[in-house]
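Letter by letter, the chains look like this.
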Amino acid sequence: MSFKKGAGNMELGECTRNPGFQDAEGADTITAAPGDTDDSTAVKLEQEAAEEYTQIKPYAGMPKEVLLLYSSQARYRVPREILFWLAVACTLALVALTITVIALSPRCLSWWQVSPVYQVYPRSFKDSDGDGVGDLKGIMEQLDHFQYLNIKSVWISPFYRSPMRDFGYDVEDFRAIDPLFGTMYDFEELLAEMHNKGLKMIMDFIPNHTSDRHRWFNLSRTRDPHYKDYYVWTDCDATAPKPNNWVSVFGNSSWTYDEVRGQCYLHQFLKEQPDLNFRNPDVRKEMIDIIHFWLRKGVDGFRMDAVKHILEAAHLRDEPQVDPNKPPESVTSEWDLHHDYTTSQLGLHDLLREWRAVLDTYSREPGRYRFMVTESYDYHEVDKTMMYYGTPLVKESDFPFNFYLLDLPQNTSGLWVQHLVHLWMANMPRGQWANWVVGNHDRSRIASSAGQTYVRVINMLLLTLPGTPTTYYGEEIGMENINVTDSQIQDPAGKYNSSASRDPERSPMQWSSDMNAGFNNKTNITWLPVHPDYRSVNVEVQKKDEDSVLAQYRFLNTLRQSELPLHRGWFCYVHADASVFAYLRELNGLNRAFLMVLNFGKESVTTDLSSVSELPEQLKVLMSTNKASDGKVLQKSRIVTEAGEGLVIQYSTHTRFNTNHPEQCYVSEKACYLGAMDILYKC
């Protein structure tokens, strides 16, 4: 068919077929009609053009029809399917690997495990307003000190509103700050600033008793229907013998007659500290509400004070005398009685588990775990202390305070130190986390009780043992007790018995060589005297000395947190004698391990560890408490240490001590190191 163009119109004419045409669908070539004649060259060109059209390749911007035409062809479809299934396989493999790593990885250490717990006694830490008593603003002024030491956890002793008969442990209002320390705004500002700096605050919680000025006690003594049983009352009169022979921790009878109520009330501490009655459900609820109050404020944990005293036997029978032949009227000290009815009573651990459950409800937010530690001096009854860990099914405290190292000064020898360490490690429930304490606000400073010679080696022990060390303010610089005259005594225990005064270990923190050791820069007033050695023993001076107690404490704490064997590896005894205590810290899969050789004796000794085949023949000292020994290369058969010297020796080995001597080794949670992926896994 053809078009014929005329004047203003168009006619259809007969068309001419293209004999070489092939459509896009691959139809056969249309054959020429009979009688058609072609030029051979033209036909050839037309055939080439048709062939080029049928072999067209995909191109950018192609229409859908062309795309669909080619996308189904094998050469495009097969690679596409291969890539798809390869992506699916890789995704599944990655998910499986992630699940495996999570399943095999040991749990991460929490903030209370990573860092030592540093105890601040607020009266003595830093005075910001010049009244001679430390306060919350003073603590905030010194937060950089914690960061300098690489401390993450700070425990602050009581700052509740209080008459201060026992310096804050006699609480008048659990929801208020005592004006001596500041205001609630000061507290909130301190807490916010601590969190900004990555620090955690642990508060003192004092459940056993209140002040006799507390609103509850005043209502109870007047027999208010709701509050009448908030405390432990029993019939007696002012002249008759006391209800039983129970004795206060501070001495003399633990019962006092109240003229308003006409009965006696129980106080296991001062008479101004009446014991709460935890057999009353309302009291239990009140204390839980107080825990909620501070947790909502944002505190990170609690130290539960004097927990073993919380409950007492309801029958109020006399306790057995240690010496049955002693006249009953001469029983005036807590050491005169076996405390079968006033401590560790049935139901105590139920209370602690209730409080633990409250803390756990606030621990669900990532990074906001709420910590709980219990204080209980159980002395030789270590099994009672271990009960505060809870059971495999029900948790109580994260750890109870371990006070056994407070006995170090009784016998400075390697065997004695090993005995005290083993006492805890051998009795601690499997999988639990240890704790170590060498001083606090109730016990003599270790620098005074053990002697300055041993301050550095004791700090080394504290910071290289497994678990969480606890540092009492000033131990990082080697502060000593002060001498307090009878006229200077502030402690109520000291007023009853001057030899029992706790004032000597509570002297103001020594920050600098300035007036009052930098504790109070505004006036020449301090609530207790400053130690006379403050010009040489203070933070400012020791920061400038690379060989100071402070510098070594900081180095050891940083090493502890940066080295896997030290903060979560195996702990193994390797040697103990009259002078030296030596132990290993190692981690399976990691060829780096540490040997600690600590001399607690009176003289220089040579230790032979050639029997320890897992140690290399030559050992290099990473750090010594005597700086002259840093970097020394020693033979394991001749390790020389001076009295009070400690060595941290780092060595490389592929042989593990713990696999050959399991009876000498402990670990809280087994973990192995995989060097190829730089990860830990359960093993």
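Because the structure is a prediction, the values reported are computed rather than measured. (Residues numbered from 1 in each chain as written. Predicted model: local features only at pLDDT ≥ 70, side-chain atom pairs only at ≥ 80, totals over all residues. Heavy atoms only, no water.)

*Asks:* Can you help me understand the pattern of salt bridges in this one?
*Replies:* Should their charged atoms come close, side chains of opposite charge can pair. By the definition in use, this model includes 30 salt bridges. Two residues, R353 and E396, come together in a salt bridge whose shortest N-O distance is 3.0 Å. You can see R353 sitting in helix α11 (residues 348–361) and its partner E396 sitting in the loop between α12 (382–386) and β13 (399–400), a full 43 residues away along the chain. With a relative accessible area of 27%, R353 lands in the partly exposed category. (Salt bridge = Lys/Arg side-chain N within 4 Å of Asp/Glu carboxyl O. Helix = DSSP H or I, 4+ residues; strand = E, 2+ residues; numbered from the N terminus. Buried < 20%, exposed > 50% of the residue type's maximum accessible area, 1.4 Å probe, protein only.)

*Asks:* Before we go on, may I ask you to explain the layout of surface pockets in this structure?
*Replies:* Take a probe with the size of a water molecule and roll it over the atoms, and the empty space left behind shows itself. Of the volumes computed, that of the largest pocket is approximately 1200 Å³. Lining of the largest pocket is provided by 44 residues; of these, V249, E334, W335, Y379 and R443 occupy positions nearest its centre. Broken down by class, the residue content of the lining of the largest pocket amounts to 14 nonpolar, 16 polar and 14 charged. (1 Å grid on protein atoms, 1.4 Å probe; cavity = no way out; pocket = protein on both sides within 12 Å on 5 of 7 lines; lining within 4 Å. Points joined across faces, edges and corners; volume = space filled by probe spheres on them. Nonpolar A, V, L, I, M, F, W, Y, C, P; charged D, E, K, R; others polar.)

*Asks:* When you look at the sheet that holds strand β17 (residues 580–586) in this model, what are you seeing that I'm missing?
*Replies:* A sheet is described by the order of its strands in space; here seven strands give the open sequence β21-β20-β23-β18-β17-β16-β24, paired in antiparallel fashion. Each having just a single partner strand, β21 (633–635) and β24 (665–666) make up the two edges of the open sheet. The pairing of strand β18 (residues 592–599) with strand β23 (residues 646–652) spans seven bridges and is antiparallel. Bridged to L598 within β23 is G646. This element, helix α13 (residues 414–427), spans β16 (570–576), β17 and β24 of the sheet and lies at about 150° to β16. (Pairing = 2+ DSSP bridges. Contact = heavy atoms within 4.5 Å. Axes fitted to C-alpha atoms, helices over the stretch in contact; angles between N-to-C directions.)

*Asks:* What is the right way to read the packing of helix α8 (residues 184–196) against helix α10 (residues 281–297) from this model?
*Replies:* Packing of α8 against α10 leaves a shortest axis separation of 11 Å and a crossing angle of 55°. Put simply, α8 runs oblique to α10. Residues M184, F187, E188 and L191 of α8 pack against F293, W294 and K297 of α10. Taken together, the residues that form the contact of α8 with α10 break down as five nonpolar, no polar and two charged. (Parallel < 35°, antiparallel > 145°, perpendicular 65-115°, else oblique.)

*Asks:* What should I look at first to understand the pairing of strand β15 (residues 468–472) in this one?
*Replies:* Side chains on a regular strand alternate between the two faces of the sheet. For β15, the buried fraction is high: five of the five residues fall into the buried class. Burial along β15 is two-sided: T468, T470 and Y472 facing one way and P469 and T471 facing the other are all buried. Sheet topology note: the strand β3 (residues 117–120)/β15 ladder contains three bridges and is parallel. Note that in β15 the partner of Y118 across the bridge is T471. As judged from the three bridges shared by strand β14 (residues 435–437) and β15, these two strands associate in the parallel manner. The residue of β15 that forms the bridge with N435 is T468.

*Asks:* How do you make sense of the packing of helix α15 (residues 455–464) against helix α18 (residues 549–562) when you look at a structure like this?
*Replies:* Between two packed helices, what matters for the description is the angle formed by their axes and the separation of those axes. At a closest axis distance of 9 Å, the pairing of α15 and α18 adopts a crossing angle of 15°. With respect to α18, the element α15 is oriented roughly parallel. Of the two elements, α15 crosses α18, and the hand of that crossing is right-handed. Contacts between α15 and α18 involve V455, R456, N459, M460, L463 and T464 on the former and, on the latter, V549, Q552, Y553, L556, N557 and R560. Within the contact of α15 with α18, the residues separate by chemical class into six nonpolar, four polar and two charged. (Left-handed = near helix turned anticlockwise from the far one by under 90°.)

*Asks:* Would you take a moment to explain empty space enclosed by the protein for this structure?
*Replies:* Within the structure shown, the criterion is met by four cavities of 30 Å³ or more. Considering only enclosed or pocket space, the largest cavity measures out at about 50 Å³ in volume. Listing elements by their share of the lining of the largest cavity, those giving two or more residues are α14 (446–449) and α15. Classifying every residue of the lining of the largest cavity gives four nonpolar, two polar and two charged. Quantified by volume, the second largest cavity comes out at close to 40 Å³. Together, Q119, W155, R303, E375, Y377, F401, F403, V437, G439, N440 and T470 line the second largest cavity. Across the lining of the second largest cavity, the residue classes break down as five nonpolar, four polar and two charged.

*Asks:* What is the right way to read the packing of aromatic side chains from this model?
*Replies:* Applying the stated criterion to the full structure yields 45 aromatic pairs. Measuring from centroid to centroid gives 5.6 Å for W216 and Y230, while their planes differ by 70°, and the two rings are edge-to-face. Of this pair, W216 sits in helix α9 (residues 215–221) while Y230 sits in the loop between α9 and β8 (233–234), placing them 14 residues apart in sequence. For the pair shown, W216 and Y230 are each scored as buried. (Phe/Tyr/Trp six-rings, centres within 6.5 Å; stacked < 30°, edge-to-face > 60°.)

*Asks:* Any chance you could explain the pairing of strand β7 (residues 200–205) here in plain terms?
*Replies:* Summarising burial for β7: six of the six residues are buried, a large majority. With burial as the criterion, each face of β7 is covered, one bearing K200, I202 and D204 and the other bearing M201, M203 and F205. Judged from the four bridges that link them, β7 and strand β11 (residues 301–304) form a sheet pairing that is parallel. Looking at β11, one finds that I202 is bridged to G301.

Such coordinate-based values are descriptive only and should not be taken to indicate function.
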